[in-house]
Amino acid sequence: MYLDYDESVAMASALKKESGNFADKIKMALFSSALSLTNVAKETSGSKLGVGAQNVYWIEKGGYTGEVSSSMVKAVGAQYSLIGHSERRHLFGETMHQTRQKIEAVLEAGLTPVLCVGEKTEEKEADKTLIIVEEQLRAALDGLVWPAGRELIVAYEPVWAIGTGLACDPVEAENVHSHINSLLGELVSGTIPVLLYGGSVRPNNVVEYLKQPHIHGVLVGGASAKMDSWMEIVKVCTA
């Protein structure tokens, strides 16, 4: 909810105009609110910019007032959906079982899920980071048959780093990503995972994350809500 409808559409339009300068160097997707998703998809049409939903419900249709299904967001132009974002888990009480249901629904609809995992402050302090991340990954993916040719995107977003300015040390983040990569080789065979880091990503730290061998990209929150900081991140990533 960083950007309202008009701001979301304006951002999409501005990024499309700029995308010719970076589209051949990096892959970018915009995850707008459900209300602006249709027009964000229209604004970015004809470009290499991807579009994703911030959340979906796991049942296609029925008496579920206020929810939006995977097939609905696919129909208006989305290619991706965030699944299990920390705010969904910890602010709205989304369970790991519900996250699994959403993964299955998104795959069935033909979308690519961006599965978010990460630990809270108290879990980090108790040295349970890898335990929590593994638990979340197994709950979401264990026994799942992954469609051939579909990307597997996982974003490690330590909850304690989101919106706090307390970015995870790049080497520490790499250790977690390396563990995730190993687990995915066990849980989902036959796919090459795309691993992202999210949590207080800024222009002054993004390159250090991308230097790490198992960090392939970033999931940007607050810094993506303003065109200048967003383009600064793009600039340093494509230098």
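Structure: above.
Described below are features of the structure shown in this document. All values derive from a computational prediction rather than experimental measurement.

Topic: helix α1 (residues 5-19)
Given a rise of 1.5 Å per residue, 15 residues ought to cover 21 Å, and the 21 Å separating the end C-alpha atoms of α1 matches this to within 8%. Looking only at α1, the buried set comprises Ser-8, Val-9, Met-11, Ala-12, Leu-15 and Ser-19. Taken around the axis of α1, the buried residues stretch over an arc of 160°, which confines them to a single face. With respect to the buried face of α1, the exposed residues turned more than 90 degrees away are Asp-6 and Lys-17. Close packing links the buried residues of α1 with β1 (29-32), α2 (37-44) and α10 (227-237). The N-cap of α1, judged by a side-chain oxygen 3.2 Å from the amide nitrogen of Asp-6 a few residues on, is Asp-4.

Concerning the sheet that holds strand β4 (residues 112-117)
With parallel pairing, the seven strands of this open sheet are ordered in space as β1-β2-β3-β4-β5-β6-β7. In the strand order of this sheet, the two ends are held by β1 and β7 (217-219), each with one partner. Across the sheet, the mean angle separating the axes of adjacent strands is 30° when strand polarity is ignored. With two bridges connecting them, strand β2 (residues 50-53) and strand β3 (residues 80-83) associate as parallel partners. Bridged to Ala-53 within β3 is Ser-81. Each of β1 and β2 is contacted by α2, which is oriented at about 170° to β2, the strand it contacts most. Relative to the sheet, helix α8 (residues 170-187) contacts β4, β5 (152-156) and β6 (193-198), its axis offset from that of β6 by approximately 150°.

So, the pairing of β1
Judged by which residues are buried, β1 turns out to be one-sided: Leu-30 and Ser-32 face inward and are buried, whereas Ala-29 and Phe-31, on the alternate face, are not. Pairing between β1 and β2: four bridges, direction parallel. What sits directly across from Leu-30, in β2, is Val-51. Crossover β1 to β2 through α2 is right-handed.

What counts and how
Residues numbered from 1 in each chain as written. Predicted model: local features only at pLDDT ≥ 70, side-chain atom pairs only at ≥ 80, totals over all residues. Heavy atoms only, no water. Helix = DSSP H or I, 4+ residues; strand = E, 2+ residues; numbered from the N terminus. Expected span 1.5 Å × (residues − 1). Buried < 20%, exposed > 50% of the residue type's maximum accessible area, 1.4 Å probe, protein only. Arc of directions from axis to C-beta. Contact = heavy atoms within 4.5 Å. Polar contact = N/O pair within 3.5 Å; in protein donor to acceptor, adjacent residues only side chain to side chain. Pairing = 2+ DSSP bridges. Axes fitted to C-alpha atoms, helices over the stretch in contact; angles between N-to-C directions. Right-handed = clockwise from strand over helix to strand, strands pointing away.

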